[in-house]
Amino acid sequence: MTQEKKYQITAISDALTDIIIELDDESIRKLGLKKGVSIVIDDAMFERFRNVIDKDKMVVSPGGSPTNVIYGASNLGLKCAFLGCVGNDDFGYDYINNLRENNIDTYISIKKGDSGRCFTFISPDGQRSFGIDFGITKLLYPYEILHSLIRDSEYLHFSAYEFRGNNPINEATGYAIEQARKYGTKISFDLGDSGVILQAKDQLKEKLFNEKIDILFANENEAEALCGNREFESLLQYSKLVIVKLGSEGSIAYTPDGSVKEDAYKVEQVKDTNGAGDNFQAGFFYGLHKKLPLNTCLKIGNFLASNIIKRIGAQSQVKIEGIEYII
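An account of the accompanying structure is given in this report. All residue numbers here refer to positions counted from 1 along the written sequence of the relevant chain. Whole-chain, interface and lining totals are the exception, using all residues; otherwise, since this is a predicted model, local features are given only for residues with pLDDT of at least 70 and side-chain atom pairs are given and counted only at 80 or more. No hydrogens and no water enter the side-chain calculation; it runs on all heavy atoms of the structure.

1. Thoughts on the overall build of the chain
Here comes step 1: Numbering of helices and strands runs from the N terminus; a helix is a DSSP stretch of H or I covering at least four residues, while a strand is a stretch of E covering at least two. What the chain contains, in helices and strands, is ten helices and 14 strands.
Here comes step 2: Here the radius of gyration uses the C-alpha set of atoms, whereas the globule reference equals 2.2 Å times the residue count to the power 0.38. Relative to a compact globule of 327 residues, whose C-alpha radius of gyration would be 20 Å, the chain shows 18 Å and is just as compact.
Here comes step 3: A separation of at least 24 residues holds for 75% of the contacts in the chain among residues at least 6 apart in sequence.
Here comes step 4: Counted as positive: Lys and Arg. Counted as negative: Asp and Glu, with His and the chain ends omitted from the count. The atoms used to mark charge sites are NZ of Lys, CZ of Arg, CG of Asp and CD of Glu. If you average the places of the 38 positive and of the 46 negative side-chain charges in the chain, the two averages end up 2 Å apart. Note on contacts: a residue pair qualifies if any of its non-hydrogen atoms lie within 4.5 Å across the two residues.

Here it is as structure tokens:
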């Protein structure tokens, strides 16, 4: 009998603190941002951001796509761990403490410098635009990847964001992938951002897709950026299981044996789409861990995604036991 591993999910992520601000469309346009797209900000743009930020109205929480996933998974009762790098400032220590308070074990490197920040601007239609100051969050090195942690995890989860640019975290993530394959830990990957996919496609094929991974998550734009068309089942060349998030149309799972689709839950008023995909993935992981049918895994994911977009912020504080019995 195979012994259950200590962690259901270990995530590697840019340790970015989300600073969430609601803005009107005109203000977002003046900042030079595009909806649904993330850009790296320079000092001049940061000054423009400061002029529109109302500190009394902003929401601050630990972010990064894989971080949001394990935050949601922990709320459902899965045991999760985090690998990343923060600075020796208040943002860094708050990041660590917030994860620990949510029962997530942290294997975090603390380095001298500023922690990463992601300014998330929410427009009136619920769409989001991102301006990112990475600080030192990319300075995670291969020697900081713990073999025992990877070995004792059911899934290693990360996103394309960790491959953005040419930084130590690229190599660290690649090294973690090698260790996961060595120890039989399953590999889960989120395409994350269509722009990043187009920039990092060659690197991903070299470091990640040289062998099939276990789960590939994407939304429609990201899936199209990787495969070059809308024949999404072709992504099975990269992964044993492909999950495409369809927004208001629900979600679909592709397997070598065919596809399964589940409709979305209806939402009357969308407040913030940030974190919808991440919370979907948290629910899907829960269903997989419980060995539930694929359609139920999709349904749980759709339910969590529909609930997170009714509020501001990518993370819920609500802990749910036995979610499959209440949806």
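Here the narrative resumes.
2. Things to note about the packing of helix α3 (residues 65-75) against helix α9 (residues 276-289)
Here comes step 1: Here an axis means a line fitted to C-alpha atoms, over the contact stretch when the element is a helix, while the angle between two N-to-C directions is reported on a 0 to 180 degree scale. The contact between α3 and α9 brings their axes to 8 Å, and the two run at 45°. Between α3 and α9, the interaxial angle falls into the category oblique. As α3 runs across α9, the sense of the crossing is right-handed. Residues S65, N68, V69, G72 and A73 of α3 form the contact with α9, whose own contacting residues are D278, N279, Q281, A282 and F285. Any angle that falls under 35 degrees is termed roughly parallel, while one over 145 is termed roughly antiparallel, one within 65 to 115 roughly perpendicular, and all others oblique. Left-handed describes a crossing whose near helix is turned anticlockwise from the far helix through less than a right angle; right-handed describes the clockwise counterpart.

3. As for unusual backbone geometry
Here comes step 1: The residue N103 is not glycine, and still its phi comes out positive at about 65°.
Here comes step 2: Within the chain, K291 stands out as a residue other than glycine whose phi angle is a positive 60°.
Here comes step 3: Looking at the element boundaries, K291 is found in the loop between α9 and α10 (294-308).
Here comes step 4: Only protein chains enter the accessibility calculation, which uses a 1.4 Å probe; a residue whose area is less than 20% of its type maximum is buried, one above 50% is exposed, and one in between is partly exposed. Judged by its relative accessible area of 74%, K291 is exposed.

4. Thoughts on the sheet that holds strand β9 (residues 153-159)
Here comes step 1: Strands are treated as partners if at least two bridges between them are detected by DSSP. Ordered by their spatial adjacency, nine strands build an open sheet running β6-β5-β1-β9-β10-β11-β12-β13-β14, and the pairing between neighbours is mixed. Two strands lie at the open edges of the sheet, namely β6 (104-111) and β14 (258-262), each paired on one side alone. Between one strand axis and the next, the sheet turns by 20° as a mean value, whatever way the strands run.
Here comes step 2: The strands touched by α9 are β1 (7-12), β9, β10 (186-190), β11 (215-219), β12 (242-245) and β13 (251-255); relative to β11, the strand with the most contacts, the crossing angle is about 150°.

Keep in mind that these numbers describe shape and distance, not what the molecule does.
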